[in-house]
Amino acid sequence: MPTQYISGTYRDLWTAVEIHKRMGTATKDKDERLALRFSTMLLLFFSFEAYLNHLGERIAPDIWVDERNNFNGRNEIAGRRYLGSIGKCEYLQSRCGVPEATVTNEMGAMMELKQFRDLLAHGKTEEGTTSYSCPQDESLELHTPEVWQLVNSDLMERAFAANKSLMTTIHSAALVAYPESGLEPSPFLSSFIQITDVTD
């Protein structure tokens with residue numbers, strides 16, 4: 001019998017975010033904490049991107065059918081250009097009637113997180129010179145690469161709260177604006193695979 005299914009990738013990613021974040025908070029090992037913060041932040045941006053695609057495919061299929069070209073920053077949608085994931089979020093806010101002013105802080109945090117994601121997605125070797133002095137009674141501190149400068153608890157916590165707030169705000173507005181879209185009542189249900197039997 002043919003079966004239709006919906007697999008919530010963004011929810012799987014969000015579950016992984018929560019697990020990595022919880023493990024990072026619980027561990028007493030400094031290296032483990034840093035590594036888990038690193039993975040939490042990366043997975044957090046992936047879940048943000050996946051949710052935007054999930055929502056866009058349901059309420060704006062006409063736009064998402066050519067997602068790559070529509071969000072490359074060169075083509076206009078309703079008189080405005082949108083670029084990448086941040087552009088997708090701005091477009092969906094506009095389409096659902098969410099005023100930009102209500103999510104300014106959240107968008108700022110996600111833009112910072114995007115900088116971290118971009119450094120990894122387009123990874124390059126960082127080279128340079130630095131000077132330092134190291135008296136015998138002091139420990140030596142070498143240069144910290146840019147990507148690791150962004151791996152801090154402040155950004156992780158702000159981005160975590162921002163992502164949750166953005167997804168909740170946009171999702172709630174989408175439920176009102178697009179009641180026939182088949183959206184779930186909340187974007188933060190546990191990981192799932194929804195299966196529907198299809199009759200011939």
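The structure contained in this document is the topic of the report that follows. (Residues numbered from 1 in each chain as written. Predicted model: local features only at pLDDT ≥ 70, side-chain atom pairs only at ≥ 80, totals over all residues. Heavy atoms only, no water.)

### Quick notes on the overall build of the protein chain
Helix and strand content of the protein chain: eight helices and four strands. From first element to last, N terminus to C terminus, the protein chain shows the α and β order β-α-α-α-α-β-β-α-α-α-α-β. Scored against the burial criterion, the 200 residues of the protein chain give a buried share of 37%. For the protein chain, the share of sequence-separated contacts (at least 6 apart) that also reach a separation of at least 24 residues comes to 71%. With the model as given, the accessible surface of the protein chain reaches about 12,100 Å², and the carbon-plus-sulfur share is 51%. (Helix = DSSP H or I, 4+ residues; strand = E, 2+ residues; numbered from the N terminus. Buried < 20%, exposed > 50% of the residue type's maximum accessible area, 1.4 Å probe, protein only. Contact = heavy atoms within 4.5 Å. Areas by Shrake-Rupley, 256 points an atom, 1.4 Å probe, with all protein chains shown as cover.)

### Let's talk about the nonpolar core
Counting 46 residues, the largest nonpolar core has Phe 48, Leu 55, Tyr 91, Leu 92, Met 110, Leu 113 and Leu 166 as its most contacted members. Of all the secondary-structure elements, those providing two or more residues to this core are α1 (9-26), α2 (30-59), α3 (61-64), α5 (84-96), α6 (104-121) and α8 (153-177). The residues contacting Met 110, other than those within four sequence positions of it, are Phe 45, Phe 48, Ile 86, Ala 159, Ala 162, Asn 163 and Leu 166. (Core = buried A, V, L, I, M, F, W, Y, C linked by side-chain atoms within 4.5 Å.)

### A short note on the packing of α5 against α8
For the pair α5 and α8, the least separation of the axes is 9 Å and the interaxial angle reads 40°. It follows that α5 is oblique to α8 by the angle criterion. For α5 against α8, the interelement crossing comes out left-handed. Touching Cys 89, Leu 92, Gln 93 and Cys 96 of α5 are Leu 166, Ile 170, Ala 173, Ala 174 and Ala 177, all from α8. The class makeup of the residues in the contact of α5 with α8 is eight nonpolar, one polar and no charged. (Axes fitted to C-alpha atoms, helices over the stretch in contact; angles between N-to-C directions. Parallel < 35°, antiparallel > 145°, perpendicular 65-115°, else oblique. Left-handed = near helix turned anticlockwise from the far one by under 90°. Nonpolar A, V, L, I, M, F, W, Y, C, P; charged D, E, K, R; others polar.)

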